[in-house]
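Structural characterization, general
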Amino acid sequence: MANPNLIKSSYLIDVVKHRWHYLLISIAILIPCILAMFYLMFTQPNHAPVKLGIDFTGGTILQYGVNNSITPDQISKIRSELEQSGVSNPVIQNMSNTGSDKQIKNIISIKTRFMGEKNNDRIDKITMVLSQNTDAPQLISTTSVGPTLGKELLKNSLAALLLAFLGIVIYISFRFQADYAIIALAALFHDALFVVGVFAILGILYNVQVDSLFITAILTVVGFSVHDTIVVFDRIRENNRFLAKKYTSGEIINASVNQTLARSVNTSLTTLLTLIALYFFGGETTKDFVLAMILGIIAGTYSSIFFASVLLAWDKEIKAKKANA
């Protein structure tokens, strides 16, 4: 049962009083993300809001280990020589080796169009170009995904996201009310849009591509975000049940957010510490996945405290004005 003494005159965070500040922060963060997504949608042939990896577009990635450091000028030269040798539109990334093999200083990742079993001559051309520009390149991995499989995987991934959003809306509508579900959905879009937008910006600036692990990260972020939002909503509902006759909806929402604040922050911080350790000390192949998780958890914690609660307070005020009119 809610304790009336928990309603105070002042709190550590006054989400209702400063709601426009928090909404403006969200707008300021999301505008560059939306612009970057629109830019890619209009400039890419597939009209995707992010740069898609071979998991979704099809193609082949060759990874070579080299013994010397690689400069951006060398990458540009390698790209130019590959195009001259008949390898069209190669995407080249230079990564530091964080594995146990200390003989390999750097890993050069080269993405090209799909190569089947009969395309060994193209691999030989790529190896020859690298031999001329690097120190003893070793082909350490080859990954290929056919165009048809890539499109099917993209379609299934988007379907999984839509089903996750739909399931969350149905659950919150049943557990709370329809207006709570709409606000929770808005918070989820806020978080997902931020993560996708940041990766769109990284795609423009650093040619970062998303793969199936990115979809996994988005689904995890959605689950984490809605869990945090439900905790806040549950406390608001509990306080509202016993204190609605004595206090305004804004006072109850302020009290509820501050009562759950320590729990939300502590849960997020402990998760972030693990993810940050994974980002800096984990493998190179999982860095983008971990980064998406870090961004999503930060956004999810912010949205449950400063975005969803603010929208709920706004909704309650509008309904109160209509009822008194």
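Scope of this entry: the structure provided in the associated data block. On a predicted model such as this, the values are computed, not experimentally measured, just so you know. (Residues numbered from 1 in each chain as written. Predicted model: local features only at pLDDT ≥ 70, side-chain atom pairs only at ≥ 80, totals over all residues. Heavy atoms only, no water.)

The subject of this paragraph is helix α1 (residues 19-43). With 25 residues, α1 extends 36 Å between its outermost C-alpha atoms, agreeing within 8% with the 36 Å of an ideal straight helix rising 1.5 Å per residue. Approximately 25° is the largest bend angle found in α1, and it occurs at Leu 30, with the proline Pro 32 only one to four residues beyond. Those residues of α1 not exposed but buried are Arg 19, Tyr 22, Leu 23, Ser 26, Leu 30, Cys 33, Ala 36, Met 37 and Leu 40. The inward-facing, buried residues of α1 contact α6 (178-206) and α9 (287-324). (Helix = DSSP H or I, 4+ residues; strand = E, 2+ residues; numbered from the N terminus. Expected span 1.5 Å × (residues − 1). Bend = angle between axes of the 7 residues up to and from the residue. Buried < 20%, exposed > 50% of the residue type's maximum accessible area, 1.4 Å probe, protein only. Contact = heavy atoms within 4.5 Å.)

A few words now on the packing of α6 against α9. Here α6 crosses α9 at 145°, and the two axes come no closer than 8 Å. Pair α6 / α9 crosses with right-handed handedness. Tallied by class, residues from the contact of α6 with α9 come to 18 nonpolar, 4 polar and 6 charged. (Axes fitted to C-alpha atoms, helices over the stretch in contact; angles between N-to-C directions. Left-handed = near helix turned anticlockwise from the far one by under 90°. Nonpolar A, V, L, I, M, F, W, Y, C, P; charged D, E, K, R; others polar.)

This next bit is on the side chain of Ser 303. Its location among the elements puts Ser 303 in helix α9. Reaching out from Ser 303, the side chain makes a polar contact with the backbone oxygen of Gly 300 at a distance of 3.1 Å. Aside from chain neighbours lying at most four places away, what touches Ser 303 is Ala 187, His 190, Asp 191, Ser 225, Ala 308 and Ser 309. (Polar contact = N/O pair within 3.5 Å; in protein donor to acceptor, adjacent residues only side chain to side chain.)

Going through the model one piece at a time under the given rule, you end up with 8 aromatic pairs. Ring centres of Tyr 180 and Phe 233 lie 5.1 Å apart, and the angle between their planes is 85°; this geometry places the pair in the edge-to-face category. Residue Tyr 180 is located in helix α6, and its partner Phe 233 is located in helix α7 (residues 212-243); the two are separated by 53 residues in the primary sequence. By the burial criterion, Tyr 180 is buried, and Phe 233 matches it. Look at Tyr 302 and Phe 306: their rings are 5.0 Å apart centre to centre, the planes differ by 35°, and that puts the pair in the tilted class. You can see Tyr 302 and its partner Phe 306 sitting in helix α9, 4 residues apart, about one turn around the helix. Through successive ring pairs, a cluster of aromatic residues spans Tyr 22, Tyr 302 and Phe 306. Its guanidinium or amino end placed over the ring of Tyr 279, Lys 287 lies 5.1 Å from that ring's centre, counting from NZ or CZ. (Phe/Tyr/Trp six-rings, centres within 6.5 Å; stacked < 30°, edge-to-face > 60°. Lys NZ or Arg CZ within 6 Å of the ring centre and 35° of its normal.)

Before going further, it helps to examine the sheet that holds strand β3 (residues 106-112). Ordered by their spatial adjacency, 4 strands build an open sheet running β2-β3-β1-β4, and the pairing between neighbours is antiparallel. Each edge of the open sheet is held by one strand with a lone partner, namely β2 (91-96) and β4 (138-145). Sheet twist, expressed as the mean angle between neighbouring strand axes with direction ignored, is 15°. For strand β1 (residues 59-66) and β4, the ladder comprises 7 bridges, and the chain directions are antiparallel. Pairing of Leu 62 across the sheet is with Thr 142, part of β4. Its contacts with the sheet put helix α3 (residues 72-84) on β2 and β3, and the angle it makes with β2 is roughly 145°. (Pairing = 2+ DSSP bridges.)

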